[in-house]
Each structure stands twice: as structure tokens, then as C-alpha cells.
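Read off the chains here:
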Amino acid sequence: MLQDIEPYLVCPHCARPLALDGRTLRCADGHSFDQARQGYVSLLAGDAKQGTADTAEMVAARGDFLAAGHYAPLERALAAAAAGVAAESGLVADLGAGTGHYLARVLEARPGAAGAALDLSKYALRRAAKAHPRIGAVVCDAWRPLPLRDGAADVLLNVFAPRNGPEMRRVLRPGGRLLVAAPTSRHLRELVGALGLLSVDEDKDRRIGEKLGPWFAPVERTEVEFALRLSRADAAAVVGMGPSAWHTEPAALAAALAALPEPVEVTGSVLVTAYE
């Protein structure tokens with residue numbers, strides 16, 4: 001709910017604190033932001049564009065896939081890593097939260113914390129606003145100043161999402177932790193060639209570390225590898241919920257899916273890195 005994260009929010013125009021007045025967030029400079037009836041609030045600057053945001057179809061595919069429990073090992077790894085941060089209250093912010101699925105699992109491990117689901121897609125945040133009673137959902141752009149005060153977050157999640165190093169550093173409190181989940185080169189490898197998906201290069205972890213290096217140091221790594229047994233519908237959801245959705249041709253994809261065995265055995269492989 002927005003009242004749970006209100007103390008941590010700032011205006012995207014002037015960076016002043018925001019206060020909730022009924023269903024509207026206001027700052028002292030007179031900027032105001034109304035909560036949508038679906039529960040989220042947009043704190044995008046006026047000239048921001050949503051062209052790269054997840055579509056309604058991508059969000060629906062991801063929601064169905066995650067709800068089926070296919071990535072449960074990753075959910076447990078994130079919750080365990082977040083539970084190790086000393087304070088159980090405060091704020092857990094998820095940058096690129098999508099449907100809020102992972103944030104909800106982390107909040108279950110931190111019963112006193114509030115959760116801020118930050119994403120560019122209003123379709124995703126409609127779901128995130130209902131994913132957990134302590135989640136407040138906020139539309140924002142990961143590549144612009146985040147609408148959070150300095151040092152607001154005790155835990156910052158980043159799961160298969162963009163990473164804005166200086167802003168992430170600004171909003172994470174001293175002693176807090178950034179948890180980055182990124183696929184390894186083995187992730188979904190059985191589907192990459194068969195369906196023409198985008199592949200993950202073997203240097204991804206090194207490149208992430210170099211990009212975050214000026215602001216963060218890694219303190220713990222957990223490789224989460226698990227076996228998946230997917231139906232063809234599940235495999236279609238994998239394509240539809242991620243970046244490959246922008247790069248596949250429907251007829252060719254349908255033919256490739258029809259040629260898959262059912263179920264198809266697939267590798268899930270994700271590296272969870274904790275940074276301070």
C-alpha cells in the first residue's frame with residue numbers, strides 16, 4: 001500500500017518529500033500524483049516515455065509462468081539472502097519489479113518491512129500493487145533519478161532488470177544490501193537454439209561487476225541451478241515474458257514450439273550476487 005512506502009518517496013520533479021493526501025501524493029512545491037484505481041502511482045517525469053516497458057501480453061505470460069512455481073528455487077535464494085540483512089523493518093525496494101512476485105517472497109521473509117515495486121510498466125504494476133499487502137507500486141524509469149530519498153532502502157532487489165549504479169548506490173542505506181539476480185550462460189540453454197531465443201554471454205557476470213564496481217563491492221555469490229519440466233505452453237510463456245518477445249516471429253515460433261518434446265527438460269541457472 002502507498003501509505004507503507006510514503007515516508008521513503010520523493011517528488012520526481014523537485015526531489016522534495018511526498019505526503020499522501022487521500023489517494024494523492026503531494027510535495028511542498030505543489031506537484032501532485034494521483035493513485036490509479038488499480039493501486040499504483042506514476043512518478044514519471046512529464047517527458048518520460050514508456051516505449052521500452054513490458055506490454056500487457058508480456059506481463060500476463062510472466063505472471064502465469066511465475067505463479068506455476070517454475071522459479072521457486074530463485075525465489076527462495078533471494079528471500080534467504082535478504083533475510084541476512086540485520087534490520088527486518090524498513091524498506092525493500094525492487095528496481096524492475098515487474099509483477100512484484102519476487103518482492104512478495106522477500107517481504108514474507110522480512111515481516112516488518114515495506115516493499116516498493118519500481119517499474120516502467122503500468123501493466124506489471126497493476127499486478128504488483130496486489131501481490132502483497134505491504135507493497136506500494138510506483139511507475140518510474142530506472143535510468144532517471146529514482147523517486148526515493150537518499151539511503152531509503154535496507155534491501156535493493158534487481159532481478160533480470162536494468163542496473164543504474166549511481167542511483168542504486170544513492171537509495172541504498174549504508175550497511176544495506178543490493179541483490180542482483182542475473183542469468184548465466186546455461187540459463188534456458190535447451191530453448192535458446194530450439195526457439196531462437198536471445199542467448200546470455202559467458203562474460204555477463206564480469207560485465208555486471210565492472211559496471212557496478214565504482215559504487216558496490218560483491219560480498220556473496222550464490223549460483224542457483226535447477227531442472228525445469230516445461231509444457232509447450234510453458235515454453236511459449238518463457239519466450240513471451242522476456243526480451244526475446246521483441247525478437248521472435250510468431251509463425252516461426254509456433255512451428256518451433258510444435259517441434260519440441262512435451263514436456264521439455266530445461267536448465268534454470270541464475271547467479272544471485274549480494275553487493276554492499
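The name recorded for the chain in an unreviewed UniProt entry is 23S rRNA m(1)G-748 methyltransferase, from Kitasatospora cineracea.

*Asks:* Even after reading the chapter, I still don't get the pattern of salt bridges, so can you show me in this structure?
*Replies:* When their charged atoms lie close together, side chains carrying opposite charge are able to pair. Following the criterion strictly, the structure yields 19 salt bridges and no others. Of the charged contacts, one joins Arg 173 and Asp 154 as a salt bridge, the two residues approaching to 2.4 Å between their closest N and O atoms. Of this pair, Arg 173 sits in strand 9 (residues 172-183) while Asp 154 is found in strand 8 (residues 153-159), placing the two residues 19 residues apart along the sequence. Via salt bridges that share partners, Asp 150, Glu 167 and Arg 170 belong to a single interconnected network.

*Asks:* Can you walk me through the sheet that holds strand 3 (residues 32-34) in this structure?
*Replies:* Sheet strands line up and pair through hydrogen bonds in the backbone, either parallel or antiparallel. As summarised here, the arrangement of the 3 strands in space is 1-2-3, forming an open sheet in which the pairing is antiparallel. Looking at strand neighbours, the two that pair on one side only are strand 1 (19-21) and strand 3, the edges of this open sheet. When the angles between neighbouring strand axes are averaged without regard to direction, this sheet yields 30°. Here 3 bridges tie strand 1 to strand 2 (residues 24-26), and the two strands are oriented antiparallel to one another. The residue bridging Leu 20 from the neighbouring strand is Leu 25, located in strand 2.

*Asks:* I would appreciate a short explanation of the packing of helix 3 (residues 72-83) against helix 4 (residues 101-109) in the present structure.
*Replies:* For any two helices packed against each other, one specifies the crossing angle of their axes together with the interaxial distance. Contact geometry for helix 3 and helix 4: axes closest at 8 Å, N-to-C directions at 45°. With respect to helix 4, the axis of helix 3 lies oblique. When you trace helix 3 past helix 4, the crossing you get is right-handed. On the side of helix 3, the interface is formed by Leu 74, Glu 75, Leu 78, Ala 79, Ala 82 and Ala 83, while helix 4 contributes His 101, Tyr 102, Arg 105, Val 106 and Ala 109.

*Asks:* Explain the packing of aromatic side chains here, please?
*Replies:* Any aromatic ring pair is given by two values, namely how distant the centres are and how the planes are angled relative to each other. For the coordinates displayed, the defined rule picks out 4 aromatic pairs. Ring centres of Tyr 71 and Phe 160 lie 6.5 Å apart, and the angle between their planes is 75°; this geometry places the pair in the edge-to-face category. Separated by 89 residues along the polypeptide, Tyr 71 in the loop between helix 2 (56-67) and helix 3 and Phe 160 in the loop between strand 8 and helix 6 (165-171) bring together distant segments of the chain. On the basis of an interplanar angle of 75° and a centroid distance of 5.8 Å, the ring pair of Tyr 71 and Phe 226 is categorised as edge-to-face. Of this pair, Tyr 71 sits in the loop between helix 2 and helix 3 while Phe 226 sits in strand 10 (residues 218-230); the two residues are 155 residues apart in sequence, bridging distant segments of the chain. We note that Tyr 71, like Phe 226, is buried.

*Asks:* What is the right way to look at the sheet that holds strand 10 in this model?
*Replies:* Strand order in the open sheet made by the 8 strands is 4-7-6-5-8-9-11-10, with mixed pairing throughout. For this open sheet the edge positions go to strand 4 (41-42) and strand 10, each flanked by a neighbour on one side alone. Relative to strand 6 (residues 114-119), strand 5 (residues 91-95) runs parallel, the two being bridged by 5 bridges. When the bridges of strand 6 are listed, Asp 94 appears paired with Ala 117. Against the sheet, helix 4 engages strand 5, strand 6, strand 7 (135-139) and strand 8, with an angle of about 165° to strand 6.

How each quantity is defined
- Residues numbered from 1 in each chain as written.
- Predicted model: local features only at pLDDT ≥ 70, side-chain atom pairs only at ≥ 80, totals over all residues.
- Heavy atoms only, no water.
- Salt bridge = Lys/Arg side-chain N within 4 Å of Asp/Glu carboxyl O.
- Helix = DSSP H or I, 4+ residues; strand = E, 2+ residues; numbered from the N terminus.
- Pairing = 2+ DSSP bridges.
- Axes fitted to C-alpha atoms, helices over the stretch in contact; angles between N-to-C directions.
- Parallel < 35°, antiparallel > 145°, perpendicular 65-115°, else oblique.
- Left-handed = near helix turned anticlockwise from the far one by under 90°.
- Contact = heavy atoms within 4.5 Å.
- Phe/Tyr/Trp six-rings, centres within 6.5 Å; stacked < 30°, edge-to-face > 60°.
- Buried < 20%, exposed > 50% of the residue type's maximum accessible area, 1.4 Å probe, protein only.

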